[in-house]
Amino acid sequence: MRAVLMAGGSGTRLRPLTCDLPKPMVPILNRPIAEHIINLLKRNQIYEIVVTLHYLPDVMREYFQDGSDFGVQMTYAVEEDQPLGTSGCVKNVAELLDETFLVISGDSLTDFDLQAAIAFHREKQSQATLVLTRVPNPVEFGVVITDAEKRIVRFLEKPSTSEIFSDTVNTGTYILEPEVLDYLPANEESDFSRDLFPQLLADGVPMFGYVAEGYWCDVGHLEAYRQAHYDCLERKLKLDYAYEERSPGLWIGQNTYIDPTAKIDRPVLIGSNCRIGPRACLEAGTVLGDNITVGADADLKRPIVANGAIIGEEAHLRACVISRGTRIDRRAHILEGAVVGSLSTVGEEAQISPSVRVWPSKKIESGAILNINLIWGNTAQRNLFGQQGVSGLANIDITPEFAVKLGAAYGSTLKPGATITVSRDQRAISRMVSRSLIAGLMSTGVHLQNLEATAIPIARTVIPTLSVVGGLHVRLHPNRPDSILIELFDSQGINISKAKEKKIEGAYFKEDIRRMPIAEIGTMSYPSQVLDTYSASFETQLNVEAVRNSRAKVVIDYVYAVSGAVLPQLLAKYGCDAVVLNASLSQMAVSNADREDLLIQLGHVAEALHATFGVQVSGNGEQFILVDESGLPIRGEMLTALMVNMMMTAHPRSAVVVPVQTSSAIEQIVRRHDGRVVRTKANPAALMEASRSHHSVVLGGSGEMGFIFPQLHPGFDAMFCIAKLIEMLTVQERSLAQIRSELPRVCHKSYTMRCPWAVKGALMRNLVEIHPAENLELIDGVKVVNRQNDNWVLILPDAGEPLVHIVANSEDRDWVDRSLKEYRQRVQEFIDQEQGLAAINA
């Protein structure tokens, strides 16, 4: 007799185990389910097997090949174009089935006596015999009713509780005569329970149910998958084990070492080539595959761990499933029902909460607490907030589900009944994310003033006028066109403090979320005259008369990021001519290469129109690049120096605030005007806070981040900066080209290199230890300074990525090149040394 093994299912309810395996190849006791089924068929004298495949067919073919190594003969049939269903796939191999044959599902585990079922089929002269079994709760299965002669009289596929009329269910194993396949159409999807059996019943074809004795488990979902392992270890079914039973309830493979101090409670199965470390504890029900390392003092309570996994020291695993090749680092906790996909990494002291699923090849950072499934993104981070707000890939890391939870976490840190503003840029993705944040906030009883699509400088300006406790803004990330950036503000419009960020992260990761009754859900309103408020504030900080007398012509490139721009309206009000380019809205961000092409185009237009200058605006109104009257771009360090030069000329003996990595040209300029320089950490919040708190500050920021005018509002504002440039050029009677020529000539270069998170702290400590204290500045990172001149090297760890930035600054270009090379080598040698030590310790 031949058997048809239905092995085409993708097993969506077993994800993430079936992301890279078809369901019949998922291991139970370190053997694929299909291998257990083949062993069952052999025990019942069935040696010819036809396998129907659809999802990832090569996995099964490569494992079993022709079946000779497993004592059977195997033939494969692949459903190429579309799945044909349970009966359609059997119809597809009808030419191989010329006598009574058996059909068995590839995702069930059983020890039924199939020969007894075949004898029953022949005795009853049945055309189709269904192997049935009794289960306590038949709701998940197809229920079958038979008469006294065991002839089938009724079917009901997956009944509701009120429809249960029997506890005998269909096990997906059938004994069929070839003639019944004539009822099925060729090359079309069809199902045994939905199509074939009801048709046979209606036509009076002899069809019987054989109630089998023995074990049966439909391994259709993760809870059943775990339970099947425990049942096997407790010998609830007859099974061929892959390893020798060294003592009752303890199966161990070859070349496995177990430290004498390890504690093992039986039953436990441990595969070949495993290493179990000192004082490790394996509780009854634990299953370990081949080539697994378990570190010292690890505590394993009934986990199922697949081949090649590494379990670190003091790790805690609780009734979870760990897929092949996964690394669980020291003191990580994987809790009940969690599943970690293949080739993933769970960092030191990270925690995966109960029933959370992690898809293959993901990384859970050290210390992270994962409470939601990790499917689309690559990494679960220990921190929500990076150097600037919360950011991530649009609709992958920053999803509606994520935003709802973030909004609820933020709202839970505010008092019930508090009010905040919500604003965004004009793109559809930002609208989607902001609406999700709104839902989470309202659920915690927080009220909202919705500014809708508003440039971020306008949002910051109006926040102090609205009696709100803070605000949030959603926009496309200014530096990563595939990402979203969410920024949270305090009551003054400044980005919230690190302490506040930690409080929100605590609520998010610990799920300490406040839920309000219906009567106390937050409300939403839409404030009016927002633009008028900004415009009025704008005018109070501008020499309007100078701007009116300038007769300036400015070319503004919006890079397809905005429609209905505000700045041209304001400039027209002061008599300036604003020529606008690319002011339509594209839902997709412009690539960096296209942005450069548009900048060249802007230079040509500005030169051709004899414009005062051109400007390319980005970052939802925060950042810009200048183009002078000759069409040459002014950006980065040169733009910072130019703005400082103009503001110090207008306001001598004042102060400017710049980030720690900014060129020493700033000190040279400020010294000419008897002013002072305040340097801050390299993040926007630090710049905003310093610009507000230090006395007599007239300008903060940099060409990369944007510029702050503290008397206007505490944030970056490209719109006001452009108007201020017109004012200063008019009053100072200079052109941008003239100012550019006056700037100090300083060489300022940077280099970015990879640096693992775990090495960053040790690297900074090492740099502090090897340099004299009098040569160090530790504002942010480690800056090594030559006090006799303006030469310095800064080693700055990245706040959001496993990177370190090396910046060198001097009037001597050769010194800069030598220093960059020297510190690159130092840093790389230290990283290699630390990773080598870590590998030895592991």
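Since this is a predicted model, take the numbers as computed values, not measurements. (Residues numbered from 1 in each chain as written. Predicted model: local features only at pLDDT ≥ 70, side-chain atom pairs only at ≥ 80, totals over all residues. Heavy atoms only, no water.)

Colleague: Even after reading the chapter, I still don't get the overall build of the protein, so can you show me in this structure?
Modeller: What the protein contains, in helices and strands, is 21 helices and 56 strands. Considered along the principal axes of its C-alpha atoms, the protein spans approximately 110 × 60 × 50 Å. Residues counted as buried form 56% of the 842 residues belonging to the protein. Considering only residue pairs separated by 6 or more positions, the protein has 57% of its internal contacts joining residues 24 or more positions apart. For the protein, the exposed surface amounts to about 34,900 Å²; the carbon and sulfur share of it is 48%. (Helix = DSSP H or I, 4+ residues; strand = E, 2+ residues; numbered from the N terminus. Buried < 20%, exposed > 50% of the residue type's maximum accessible area, 1.4 Å probe, protein only. Contact = heavy atoms within 4.5 Å. Areas by Shrake-Rupley, 256 points an atom, 1.4 Å probe, with all protein chains shown as cover.)

Colleague: Mind showing me how you'd approach empty space enclosed by the protein here?
Modeller: Leftover empty space is mapped by rolling, across the atoms, a probe with the size of a water molecule. For the structure shown, the criterion picks out 2 cavities of 30 Å³ or more. Considered as a void within the structure, the largest cavity measures approximately 70 Å³ in volume. Along its surface, the largest cavity is lined by 13 residues, and Q388, G389, N495, I496 and E501 are the ones closest to its centre. Counting residues per element, the ones that place at least two in the lining of the largest cavity are β41 (483-489), α10 (498-509) and α17 (684-693). Here the lining of the largest cavity is built from residues that sort into 5 nonpolar, 5 polar and 3 charged. What the second largest cavity holds in volume is close to 30 Å³. At the level of elements, α1 (33-43) and β7 (108-110) are the ones that each hand at least two residues to the lining of the second largest cavity. (1 Å grid on protein atoms, 1.4 Å probe; cavity = no way out; pocket = protein on both sides within 12 Å on 5 of 7 lines; lining within 4 Å. Points joined across faces, edges and corners; volume = space filled by probe spheres on them. Nonpolar A, V, L, I, M, F, W, Y, C, P; charged D, E, K, R; others polar.)

Colleague: I'm lost on the packing of helix α15 (residues 636-650) against helix α18 (residues 718-732) in this one. Help?
Modeller: Packed helix pairs are characterised by how far apart their axes lie and by the angle those axes make with each other. At their nearest, the axes of α15 and α18 sit 11 Å apart, and the two run at 55° to each other. As judged from the angle between their axes, α15 and α18 are oblique. The handedness of the crossing between α15 and α18 is left-handed. Facing L642, M643, M646, M647, T649 and A650 of α15, the residues of α18 in contact are C721, K724, L725, M728, L729 and Q732. For the contact of α15 with α18, the class distribution of residues is 9 nonpolar, 2 polar and 1 charged. (Axes fitted to C-alpha atoms, helices over the stretch in contact; angles between N-to-C directions. Parallel < 35°, antiparallel > 145°, perpendicular 65-115°, else oblique. Left-handed = near helix turned anticlockwise from the far one by under 90°.)

Colleague: Is there a simple way to think about the sheet that holds strand β52 (residues 747-754) in this case?
Modeller: Two pairing modes exist for strands in a sheet, parallel and antiparallel, and in both the strands are linked by backbone hydrogen bonds. Strand order across the open sheet formed by 5 strands is β52-β56-β55-β54-β53, with antiparallel pairing between neighbours. Looking at the sheet topology across the chains shown, the edges are occupied by β52 and β53 (776-777). In the sheet, strand β55 (residues 792-797) pairs with strand β56 (residues 803-810) via 6 bridges, with the strands oriented antiparallel. What sits directly across from L794, in β56, is V807. Each of β53, β54 (782-785), β55 and β56 touches helix α20 (residues 757-770); the most contacted strand, β55, lies at about 155° to it. (Pairing = 2+ DSSP bridges.)

Colleague: Just checking my understanding: could you explain the pattern of salt bridges for this structure?
Modeller: Opposite charge on two side chains makes pairing possible when the charged atoms of those side chains draw close. Summed over the entire model, instances satisfying the criterion amount to 40 salt bridges. We note a salt bridge from E487 to R460, for which the minimum N-O separation is 3.8 Å. With E487 in strand β41 and R460 in helix α9 (residues 456-462), this pair connects stretches of sequence that are 27 residues apart. When its relative accessible area of 1% is taken as the criterion, E487 is described as buried. (Salt bridge = Lys/Arg side-chain N within 4 Å of Asp/Glu carboxyl O.)

Colleague: Help me out: how do you make sense of the nonpolar core in this one?
Modeller: In globular proteins that are soluble, nonpolar side chains generally tend to be buried together. By size, the foremost hydrophobic cluster in this structure holds 62 residues, and its most contacted members are I28, L29, M60 and Y225. Other than its neighbours up to four places away in sequence, L29 contacts H229, C232, L233, L239, Y241, A242, L269 and V287. Counting 60 residues, the second-largest nonpolar core is a separate cluster that includes I458, A459, L642 and L729. (Core = buried A, V, L, I, M, F, W, Y, C linked by side-chain atoms within 4.5 Å.)

Colleague: Explain the confidence of the model for the protein to me, please; I cannot follow it from the model alone.
Modeller: Predicted coordinates in regions of low pLDDT should not be interpreted in detail. Residues of the protein with pLDDT of at least 70 account for 96%, and the chain-wide mean is 91. The secondary-structure element of the protein with the lowest mean pLDDT is strand β36 (residues 379-380), recorded at 64, while strand β38 (residues 419-424) shows the highest, at 98. (pLDDT = per-residue confidence, 0-100.)

Colleague: I tried to follow the packing of aromatic side chains on my own but got confused; where do I start?
Modeller: Describing an aromatic ring pair means giving the distance of the ring centres and the angle of the ring planes. By the definition in use, this model includes 17 aromatic pairs. Following the ring pairs from residue to residue traces out a cluster consisting of Y534, F538, Y574, F709 and F720. Above the ring of Y230, the side-chain terminus of R302 is found at 3.8 Å from the ring centroid. The residue whose ring lies beneath R824 is Y751, and the NZ or CZ to ring-centre distance is 3.9 Å. (Phe/Tyr/Trp six-rings, centres within 6.5 Å; stacked < 30°, edge-to-face > 60°. Lys NZ or Arg CZ within 6 Å of the ring centre and 35° of its normal.)

Colleague: Can you help me understand the sheet that holds strand β32 (residues 351-352) in this one?
Modeller: Strand order in the open sheet formed by 7 strands is β17-β20-β23-β26-β29-β32-β35, with parallel pairing between adjacent strands. The open sheet has two edge strands with one neighbour each: β17 (263-264) and β35 (369-370). Sheet topology places strand β26 (residues 316-318) next to strand β29 (residues 333-334); 2 bridges connect them, and they run parallel. Bridging across to β29, H316 finds its partner in H333.

Colleague: Looking at this structure, how should I read helix α16 (residues 665-672)?
Modeller: In an α-helix, one turn spans 3.6 residues; hence positions three or four apart end up facing the same way. Here α16 has its buried residues at A665, I666, Q668, I669 and V670. Buried residues in α16 make contact with α15, β48 (655-659) and β49 (676-680). Phi for D674, located one or two positions after α16, is positive at around 55°.

Colleague: Would you take a moment to explain the side chain of S430 for this structure?
Modeller: Its location among the elements puts S430 in helix α8 (residues 428-443). Residue class for S430 comes out buried when judged on its relative accessible area of 0%. Setting aside chain neighbours within four positions, we find S430 in contact with R424, D425, V474, R475, L476 and I484.

Colleague: What is the right way to look at the side chain of S353 in this model?
Modeller: Positionally, S353 belongs in the loop between β32 and β33 (357-358). In contact with S353, not counting residues within four places along its chain, are L335, A338, I369, L370 and N371.

Colleague: Please explain the environment of M646 as it appears in this structure.
Modeller: Tracing the backbone through its elements, the reader meets M646 in helix α15. Exposure remark for M646: the relative accessible area of 0% places this residue in the buried category. For the pair M646 and A262, spaced 384 residues apart in sequence, the C-alpha to C-alpha distance is 72 Å. Those residues in contact with M646 that sit more than four places away from it in its chain are L725, M728, L729, Q732, R734 and I739.

Colleague: What's the story with the environment of V615 in this structure? I'm lost.
Modeller: With respect to the element layout, V615 can be found in strand β45 (residues 613-618). Its relative accessible area of 0% is what places V615 among the buried residues. The sequence separation of V615 and P633 amounts to 18 residues, and the corresponding C-alpha distance is 8.9 Å. Beyond its immediate chain neighbours, meaning those up to four positions away, V615 contacts V554, V555, I556, D557, L602, F624, I625, L626 and I722.

Colleague: Before we go on, may I ask you to explain the packing of helix α7 (residues 400-412) against α8 in this structure?
Modeller: Between α7 and α8, the least distance of the axes is 7 Å, while the angle of their chain directions is 40°. On the basis of the axis angle, α7 is oblique to α8. By crossing handedness, the relation of α7 to α8 is classed as right-handed. Where α7 abuts α8, its residues P400, A403, V404, L406, G407, A408, Y410 and G411 lie against M432, V433, S436, L437, G440, L441 and S443. The residue makeup of the contact of α7 with α8, split by class, is 10 nonpolar, 5 polar and no charged.

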